[in-house]
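Fold and contact review
Below, each chain spelled out in residue letters.
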Amino acid sequence: MFQYPQNDWLEFLSRTLAAPHFNGLCQFVTTAYNASTCHPPLEHIFEAFALCCFDNLKVVVIGQDPYHGEGQANGLCFSVHEGISHPPSLRNIFLELESDVSKSYPASGDLRPWAEQGVLLLNAVLTVEQGKAGSHQNQGWEEFTDTVIEHISRQKAGVVFLLWGAYAQNKSRFIDQSKHIVLQCGHPSPLSANRGYWFGNKHFSQVNYHLKKQGKAPINW
């Protein structure tokens, strides 16, 4: 049922999800999409991989699970479709971006331009039932994205990982920090941000500092 991106992720994704370990996940997702309204649309489940080729990958942002409201999720963590109002976490991301790199607050919440520059916007869980936050957790997606992060860590060097909040920071154990950069802070949700754990992290300028230090093109946030 999965529609894999036709790029340099294809072999890895198809081989990984064909493993017996993930049979239950594949069956669960098939049943869920047939029985109820789920997000993102089936063809966009692997949108993060489709837009950010492995060879071009420079930065990884780890989210939790997709937005569960109608028309919000587009397969990229924290991102929404053009014309959709910005959820609170995305608003706080843009406010920190505005403060950090003096970029005007954007009208669109679609983060595809980031992905196309080498930012993998990866949710730990790639699907959700409409109106039921976290409904597809603990079905195997977490183990799948652990495998993705291990693969990136093993096969590449100098990737900047942005781990926002405890959920994302739990993935740090799969990253070889002797050859990658890990930046951590609180989650951009209002609960965390209003307690002082988000604003002022300056992660966007730090990412570009580390990329330029390696001779890589910075991200045009």
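So, a few notes on the structure that sits alongside this text.

Reading the values: the criteria
Residues numbered from 1 in each chain as written. Predicted model: local features only at pLDDT ≥ 70, side-chain atom pairs only at ≥ 80, totals over all residues. Heavy atoms only, no water. Buried < 20%, exposed > 50% of the residue type's maximum accessible area, 1.4 Å probe, protein only. Helix = DSSP H or I, 4+ residues; strand = E, 2+ residues; numbered from the N terminus. Pairing = 2+ DSSP bridges. Phe/Tyr/Trp six-rings, centres within 6.5 Å; stacked < 30°, edge-to-face > 60°. Lys NZ or Arg CZ within 6 Å of the ring centre and 35° of its normal. Axes fitted to C-alpha atoms, helices over the stretch in contact; angles between N-to-C directions. Parallel < 35°, antiparallel > 145°, perpendicular 65-115°, else oblique. Contact = heavy atoms within 4.5 Å. Nonpolar A, V, L, I, M, F, W, Y, C, P; charged D, E, K, R; others polar. Expected span 1.5 Å × (residues − 1). Arc of directions from axis to C-beta.

Moving on: the pairing of strand S3 (residues 119–123). Counting buried residues along S3, 5 of its 5 residues qualify, which places the element largely inside the surrounding structure. Where strand S2 (residues 59–63) meets S3, 5 bridges bridge the pair, whose relative direction is parallel. Looking across to S3, one finds that Gly-63 is bridged to Asn-123.

Right, let's talk about the packing of aromatic side chains for a bit. Under the defined criterion, the tally for this structure stands at 20 aromatic pairs. By way of ring pairs, the aromatic residues Phe-2, Tyr-4, Trp-9, Phe-12, Phe-22, Phe-46, Phe-49, Phe-54, Trp-141 and Phe-144 are connected into one cluster. The cationic tip of Lys-156 hangs over the ring face of Phe-54; the distance from NZ or CZ to the ring centre is 4.9 Å.

What follows concerns the packing of helix H4 (residues 88–101) against helix H9 (residues 203–213). Contact geometry for H4 and H9: axes closest at 8 Å, N-to-C directions at 60°. Comparing their axes, H9 and H4 come out oblique. From H4, Ile-93, Glu-96, Leu-97, Asp-100 and Val-101 reach across to H9, where they touch His-203, Phe-204 and Ser-205. Here the contact of H4 with H9 is built from residues that sort into 4 nonpolar, 2 polar and 2 charged.

Moving on, we get to helix H2 (residues 23–35). Between its terminal C-alpha atoms H2 stretches 18 Å, which fits the 18 Å expected from 13 residues at 1.5 Å a residue. Within H2, the full set of buried residues consists of Leu-25, Cys-26, Val-29, Ala-32 and Tyr-33. Looking down the long axis of H2, one finds its buried residues gathered within 135° of arc, a one-sided arrangement. In H2, the exposed positions angled more than 90 degrees off the buried face are occupied by Gln-27, Thr-31, Asn-34 and Ala-35. Buried residues along H2 sit in contact with helix H1 (10–18), strand S1 (38–39) and helix H6 (141–155).

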